[in-house]
Structure formats: C-alpha cells, structure tokens
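# A look at the structure
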Amino acid sequence: EYMGEHSEMRFAAVAFVLCVCVVPSVVAHIGFGRNLYKRFRGQSNRIGSGHHTTQTTSVTHFFDNAILDHFGTQGTIQSCPETIQEGAQRCVDGQLRWSQRYHVNATFWKGDGYPIFLLIGGEGPQTPVTDRLMMYHWAEKHHALMFALEHRFYGESFPTADMSTDNLRYLTSHQALADLAAFIEYIKEYSPQVPDSQSTPPLSLPNPTRNSPWIVFGGSYPGNLANWFKLRYSHLTVGSVASSAPVHAEADFEAYAGNVGTALNYTLIGGSAECYRVVQEATAAIHKIVSTHKTVSEIRSLLPEALVPCSNMSSILDLATYESELFGNFQGVVQ
C-alpha cells in the first residue's frame, strides 16, 4: 500500500534494496549530521580493504613521531606554540608531532635487500593488506615486507583535535606525501639491535631495512599520491604502482559516473539494462524529493527511514553531501 500510494518511491526503494544487498556495511553510514567529524574520518577506504579475504599475520602500530606541518606557512618547519592544542599533538624537539597508524606484515620477507612494499592510505580508514590486492601476491612472489600507512585525518590518524577550517589547512596532498617520506626514512633507519622508541607498540622486525628498495602502491586518490611520490621523492622509492589514478584534476569529474553506469549495464559481471534503468530512475526520483523538500519532516513522509537525512537540507552542500553518500555505494561496488 505504501509503495502504491507513493509511486515515485518505487524506484527509490529499489535503489535502497540494491544498496543493502551489495554494500550493507556502507549503507549503515547513510545520513549526514551524525557526529560529522567521526563519520568523515570513519568511512571505509575501499581500495585494499574488505571482507572474505585471506590475511597473514599483520601487526598494527602508531608512528608517534609524525610531523603536523612539514613545511610551515612561510616555508619553514612550524615550531611548537606556547599552548599546545588538546588532541593528538605533542611537542618533540620544538615541533608538533602526532601518531599515525600503520600496519606491517613480514610474513613473506626474507630480510634486508629484499623489497619493501608500501600501500598508501586514502580517504578512509586503512586496513592491513589483504589478498584482494596484487600487491599481496607480488609480495609473496618477491619476498617483500608489506606496510600500509593510513592517511592523515582519516581512520585513527588524527593530527589535530578537530576539523576546524584552520586545522584543515594541514589536510593536503603535499603534507600526505611528506608523511610518506618521513615514514620511509624512519623505517630505513630501523635496526633489530636498537630498541624502537618511535612507534606504539615498538616496531619489531627480524632484520634491518636499510638496503631494501621501496615500491609504493595506491589506487584512485592514493594512486595519485603514488605517482606524485615517485616524482617528488624519487630518492626514496625505485617505483610506484598507481591503479585508476586520476592525476589530471577536473572540477566536474563525470567520467567515473559513466564507468559506474557501464558496469551496472554489463551482463558479464552481473549487470543488465534493467539494473541500469532502475538505478537511473531511482536516482532521479530521490533527487526530485530531496531538492524540492528541504525539511526532515517533509522528506520522512516520502523516503524510507534509512534514507532520511538527519538534518534539514539547508544548502547546496547539504544536498551534494547527501546524494554523494548514496552514489558512493554504487561507486564502491564498481571500484
């Protein structure tokens, strides 16, 4: 009866069911306004993470000597202020430091001189490397040591106490690349004979790492970072593997949405013309509702509860955030 009375919602509900079927863990995050900071840092990084994988022994650490500002506003390293902001920051040798999460897996590594693979984290929590990635299988083949470094401001890697506009000046690709360089320099200095004091828990490897060549890996935005890192810090890596890296920035990047549509319509991977049509019509129906009804009470009468936003649509940014949350589920499946 509900679906018959609200014919527009036939398509929206179908889209919701599709999301629930294919990405239930992500749909749980739908709706904005629920502690935005934690949600922003807590979205899953879909590259290199997932379920139903074979995972060898991986250990999680925090690199406690990560630098907040590698460059400073005037091109010099920022020194500690008189009053340190509450949060993850602390002053070490006159510089603000914080703790960056990383995972290490030495299962296949045969010691110093054998390669080290570094998976670059992106816009979400970074999990340990799993066998969903070619990096894992190449590590097994080439006896490589594997690291995965989480991106600043995501997951559990919090360089500042909050996401104020002032603090977000530290969320840049330049800072992220410098984080990678600092981390590699730290690992290159590792020696089993010297107790590690820069990580929590202390890093423990069976061999030194100084003579091991580094290769960085990334997909999508981290793929950009992998390419840029090889260009900017070529002395620290012998190569990079960048998957689906959109290195040419575009303000209105519609091309990936086209790829999503192609996949939904591609029969060899389970898609169909009907699937494409249903998602397309559902998207149009939802857009019409949320763009013409601004309050939660109005929207609640037209959408299933799981698709109702937690706050009113007060701006175009609210609308864009809401719709990108929904579309991200289909993007993630295709990716």
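Quick note: structure is the one above.
Okay, so let's go over this structure. (Residues numbered from 1 in each chain as written. Predicted model: local features only at pLDDT ≥ 70, side-chain atom pairs only at ≥ 80, totals over all residues. Heavy atoms only, no water.)

## Section: the environment of Thr283
- Relative to the elements of secondary structure, Thr283 occurs in helix α9 (residues 273-292).
- Among the residues examined, Thr283 registers a relative accessible area of 46% and is labelled partly exposed.
- Measuring from C-alpha to C-alpha, the distance between Thr283 and Leu326 comes to 9.0 Å, with 43 residues separating the pair along the chain.
- At 2.7 Å, the side chain of Thr283 and the backbone oxygen of Val279 are in polar contact. (Helix = DSSP H or I, 4+ residues; strand = E, 2+ residues; numbered from the N terminus. Buried < 20%, exposed > 50% of the residue type's maximum accessible area, 1.4 Å probe, protein only. Polar contact = N/O pair within 3.5 Å; in protein donor to acceptor, adjacent residues only side chain to side chain.)

## What to know about helix α6 (residues 173-188)
- Spanning 16 residues, α6 covers 23 Å between terminal C-alpha atoms, matching the ideal 22 Å at 1.5 Å per step.
- With 12 of 16 residues buried, α6 is to be regarded as a mostly interior element.
- Gln175, Ala176, Leu177, Ala178, Asp179, Leu180, Ala181, Phe183, Ile184, Tyr186, Ile187 and Lys188 are the residues of α6 that are buried. (Expected span 1.5 Å × (residues − 1).)

## Thoughts on the nonpolar core
- Formed by 36 residues in total, the largest nonpolar core has its most connected members in Tyr102, Leu118, Phe147, Phe183, Leu203, Leu205 and Phe229.
- Breaking this core down by element, the ones donating at least two residues are β1 (59-67), β3 (95-105), β4 (116-120), β5 (145-149), α6, β7 (214-219) and α7 (221-232).
- Of the residues forming this core, the biggest block, 9 residues, is contributed by α6.
- Each residue touching Leu118, except ones within four places of it in the same chain, is listed here: Met135, Phe147, Ala148, Leu149, Leu180, Phe183, Ile184, Trp214, Ile215, Val216 and Phe217.
- With 13 residues, the next largest nonpolar core counts Val290, Val308, Met313 and Leu319 among its residues. (Core = buried A, V, L, I, M, F, W, Y, C linked by side-chain atoms within 4.5 Å. Contact = heavy atoms within 4.5 Å.)

## Remarks on α7
- Taking 1.5 Å per residue, 12 residues should reach 16 Å; α7 reaches 16 Å between its end C-alpha atoms and fits that length.
- Buried residues in α7 make contact with β4, α6, β7 and β8 (239-243).

## So, a nonpolar patch on the surface
- On the surface, Tyr266, Leu268 and Ile269 cluster together into a nonpolar patch covering about 360 Å² of accessible area.
- Among the secondary structure elements, Ile269 is positioned in the loop between α8 (255-264) and α9.
- When its relative accessible area of 56% is taken as the criterion, Ile269 is described as exposed. (Patch = residues over 30% accessible without salt bridge, like charges linked within 9 Å, V, L, I, M, F, W, Y side chains within 5 Å. Areas by Shrake-Rupley, 256 points an atom, 1.4 Å probe, with all protein chains shown as cover. Salt bridge = Lys/Arg side-chain N within 4 Å of Asp/Glu carboxyl O.)

## Digging into the packing of aromatic side chains
- For the coordinates displayed, the defined rule picks out 11 aromatic pairs.
- Here the aromatic rings of Tyr102 and Phe147 are separated by 6.1 Å at their centres, their planes lie at 50°, and the arrangement is tilted. Taken together, the positions of Tyr102 in strand β3 and Phe147 in strand β5 put the pair 45 residues apart, joining distant regions of the chain. Considered together, Tyr102 and Phe147 belong to a single accessibility category, that of buried residues.
- Here the aromatic rings of Phe147 and Phe183 are separated by 5.5 Å at their centres, their planes lie at 80°, and the arrangement is edge-to-face. Of this pair, Phe147 sits in strand β5 while Phe183 is found in helix α6, placing the two residues 36 residues apart along the sequence. Accessibility assignment for this pair places Phe147 and Phe183 in one class, buried.
- One aromatic cluster is present, formed by Phe63, Tyr102, Phe147, Phe183, Tyr186 and Trp214 through successive ring pairs. (Phe/Tyr/Trp six-rings, centres within 6.5 Å; stacked < 30°, edge-to-face > 60°.)

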